[in-house]
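# Secondary and tertiary structure notes
Residues per chain, in single letters:
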Amino acid sequence: MESLNPNKNLKEQFVSNLTGSSKLEAFLLITNLSAVILVRRCIGFRSVDSDKKDGYVAESGKSLKAYMMYLFVDYLCIGVPYILFMTVMAEWTMWSTAMLILFLIFWRLRKGNRSYNLWGGGCGTIRACISSYRVSVMLATCISILAVDFKIFPRRYAKTETYGTSLMDLGVGSFVLANALVSQQARDLSKKSLANALQSSSPLILLGFVRLISTSSVNYQVHVGEYGVHWNFFFSLAAVALLTSLFSFHPKHCVVIGSVIVIGYQASLSCGLNEYLLSEERGANIFSQNKEGILSIFGYWGLYLLGVGIGNSLFFKDNVDTASKSVNCRINLWTLCFFFWATTVLFDRYVEKISRRMCNLAYVSFTLASNLQALSIIMLPSNSYESKISSLEEAFNRNLLASFLLANLFTGIVNLSLDTLSASSPEALGILLAYTLALSVSIGFADFLGLKLKFW
């Protein structure tokens, strides 16, 4: 029987033995992707306010057409720049950063300062900024999981083999942290119980098995060095959800407990566990075949708890609706951002180099630094720009899990339908633009109909 994916081995080799980019380039690229959200708000062209969408639709008479028009503008202002920054403009990252900063400074001087409440309306509120940050993480992930299969996507942005930093290395860590910052644990609403643990983890376990079976049945390319032979992204998230539900800690203690877990895990790595994880030898048992995915759980669990503690301290500890609280929140965010960038450099140099594969101490610090940087930048307009959250951001925010699942489905269809390795740069760019547009329209249409995929 002819294989559905005849170039499987070539595609696996294409994403293997990579070393990543510099930390400076990662810093600049994250700045660009975050600043795009601010530029979209500066441009204006008012989007449909989700809180008033029903009234707007009733008044317009051309509701779907108008909504899709706003969505298409968002796609042009957010989706297209994301694709360009990750592909054809990758060699001009520093120049792009300079141009975006100059534009935002010009806009700030033109508009002047405007004050906003911490939790009130407008794009500068904490809730809206967190939503924008989570959407930016999701959109960058959805684009990169397909783009990485084309030669137009720089190899230094793809996942590293052992040590190093790259854009795609931030994927699973960013998912874990983005969920932790606004989780029930961060809001001190969770309750420890077996039923709650099963409820939070069982859908992810199911998705993990669905992915395992589907990739095996169509002979889809899987890089074993990422998680192991059978393990995948969903199993890692499920394990973190299960541990978090079974061992419930008060948010104010999570930073200390998370730090102890990560430092203890790093101590084990430094004592020889890292050699075992990075070796190509695998035994016949399930644990040995999936050693990377199983053991890295400790790093991701520690990262999650750190995110819970930070989220509770910054966003939920005191919901006072004052401008001073908003300013303090932004200052604390930037302070933490630079603190974790400093620790990332120190850990990478003196403890162990950054490794997503092991989720070591330096990787946890790198993930915290990068994500807090993105959130800090997106929070800048809270007293400078005037606009509503875009329709695209609102749609993705309402269906983050569905967005990722649909992106995986589209990615699989594209890979099984054509030889991505032989696609020219114009062809690859056209496919990525069409893919992102199809994803945006699909998620937007689901949001327009009020559909929401949520298991827990």
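Conventions and cut-offs
- Residues numbered from 1 in each chain as written.
- Predicted model: local features only at pLDDT ≥ 70, side-chain atom pairs only at ≥ 80, totals over all residues.
- Heavy atoms only, no water.
- Helix = DSSP H or I, 4+ residues; strand = E, 2+ residues; numbered from the N terminus.
- Buried < 20%, exposed > 50% of the residue type's maximum accessible area, 1.4 Å probe, protein only.
- Contact = heavy atoms within 4.5 Å.
- Areas by Shrake-Rupley, 256 points an atom, 1.4 Å probe, with all protein chains shown as cover.
- Phe/Tyr/Trp six-rings, centres within 6.5 Å; stacked < 30°, edge-to-face > 60°.
- Axes fitted to C-alpha atoms, helices over the stretch in contact; angles between N-to-C directions.
- Parallel < 35°, antiparallel > 145°, perpendicular 65-115°, else oblique.
- Left-handed = near helix turned anticlockwise from the far one by under 90°.
- Nonpolar A, V, L, I, M, F, W, Y, C, P; charged D, E, K, R; others polar.
- Polar contact = N/O pair within 3.5 Å; in protein donor to acceptor, adjacent residues only side chain to side chain.
- Salt bridge = Lys/Arg side-chain N within 4 Å of Asp/Glu carboxyl O.
- pLDDT = per-residue confidence, 0-100.
- Patch = residues over 30% accessible without salt bridge, like charges linked within 9 Å, V, L, I, M, F, W, Y side chains within 5 Å.

## Some details on the overall build of the chain
Within the chain, the secondary structure is distributed over 19 helices and 0 strands. Residues counted as buried form 57% of the 456 residues belonging to the chain. The contacts of the chain with a sequence gap of at least 6 include a subset with a gap of at least 24, amounting to 85%. Here the chain has roughly 19,800 Å² of accessible surface; of this, 64% comes from carbon and sulfur atoms.

## So, the packing of aromatic side chains
Overall, the coordinates contain 20 aromatic pairs when judged by the stated rule. Aromatic side chains Phe 153 and Tyr 157 sit 6.0 Å apart centroid to centroid with 70 degrees between the ring planes, which places their arrangement in the edge-to-face category. Summarising the burial analysis for this pair, Phe 153 and Tyr 157 share the class buried. Centroid distance Trp 334 to Phe 338: 5.7 Å. Interplanar angle 25 degrees. Geometry classified as stacked. Of the two residues, Trp 334 and Phe 338 are both situated in helix H15 (residues 323-350); the distance of 4 residues between them amounts to about one turn of the helix. A network of ring pairs unites the aromatic residues Phe 175, Phe 233, Phe 234 and Phe 404 as a single cluster.

## Let's talk about the packing of helix H6 (residues 126-147) against helix H16 (residues 361-378)
Closest axis-to-axis distance for the H6/H16 pair is 9 Å, and the angle between their directions is 130 degrees. One finds that H6 runs oblique with respect to H16. Remark: the crossing between H6 and H16 carries right-handed chirality. For the pair H6 and H16, the contacting residues are Cys 129, Ile 130, Ser 132, Tyr 133, Ser 136 and Val 137 in the first and Asn 371, Ala 374, Leu 375 and Ile 378 in the second. Split by residue class, the contact of H6 with H16 holds 7 nonpolar, 3 polar and no charged.

## What about the environment of Phe 249?
As for its placement among the helices and strands, Phe 249 is situated in the loop between helix H10 (233-246) and helix H11 (251-278). Contact partners of Phe 249, with chain neighbours within four places excluded, come to Cys 254, Ile 257, Trp 301 and Leu 305.

## A look at the environment of Asn 408
Structurally, Asn 408 is set in helix H18 (residues 400-417). Along the sequence, Asn 408 and Leu 146 sit 262 residues apart, while their C-alpha atoms lie 8.3 Å from each other. In contact with Asn 408, not counting residues within four places along its chain, are Ile 145 and Arg 211. Among the polar contacts made by the side chain of Asn 408, one reaches the main-chain carbonyl oxygen of Phe 404 at a distance of 2.7 Å.

## Structural notes on the pattern of salt bridges
Across all of its chains, the model carries 12 salt bridges by this definition. The residue Arg 156 makes a salt bridge to Glu 25 at a minimum N-O spacing of 2.9 Å. Taken together, the positions of Arg 156 in the loop between H6 and helix H7 (171-181) and Glu 25 in helix H2 (residues 23-43) put the pair 131 residues apart, joining distant regions of the chain. Given the relative accessible area of 23%, Arg 156 is considered partly exposed.

## Here's the deal with the confidence of the model for the chain
Residues of the chain with pLDDT of at least 70 account for 86%, and the chain-wide mean is 86. Segment residues 115-122: pLDDT under 50, and 29 contacts once partners within four positions in sequence are set aside and those in other chains are kept.

## Some points on a nonpolar patch on the surface
A surface patch of nonpolar side chains, amounting to about 360 Å² of accessible area, comprises Leu 64, Phe 445, Leu 449 and Leu 451. Residue position: Phe 445 is located in helix H19 (residues 425-448). For Phe 445, a relative accessible area of 37% puts it in the partly exposed group.

## Regarding the side chain of Ser 288
In this fold, Ser 288 is placed in helix H12 (residues 286-289). Only 2.6 Å separates the side chain of Ser 288 from the backbone nitrogen of Gly 283, close enough to count as a polar contact. Ignoring any residue separated from it by four or fewer positions in sequence, one finds Ser 288 in contact with Tyr 276, Arg 282 and Gly 283.

## Looking at the packing of helix H4 (residues 63-86) against H6
Viewed as axis vectors pointing N to C, H4 and H6 meet at an angle of 55 degrees, and their least axial separation amounts to 10 Å. Between H4 and H6, the angle is such that the two are oblique. Crossing angle aside, the handedness with which H4 passes H6 is right-handed. Contacts from Ile 78, Gly 79, Tyr 82, Ile 83 and Met 86 in H4 reach Ser 136, Leu 139, Ala 140, Ile 143 and Ser 144 in H6. Residue composition of the contact of H4 with H6, grouped by class: 7 nonpolar, 3 polar and no charged.

## Thoughts on unusual backbone geometry
Of note in this structure, Asn 17 is not a glycine but carries a positive phi near 60 degrees. Mapped onto the fold, Asn 17 is located in the loop between helix H1 (8-14) and H2. In this structure Asn 17 comes out as exposed when scored by relative accessible area, which is 62%. The residue Asp 188 is not glycine, and still its phi comes out positive at about 60 degrees. Owing to a relative accessible area of 44%, Asp 188 belongs among the partly exposed residues under this scheme.

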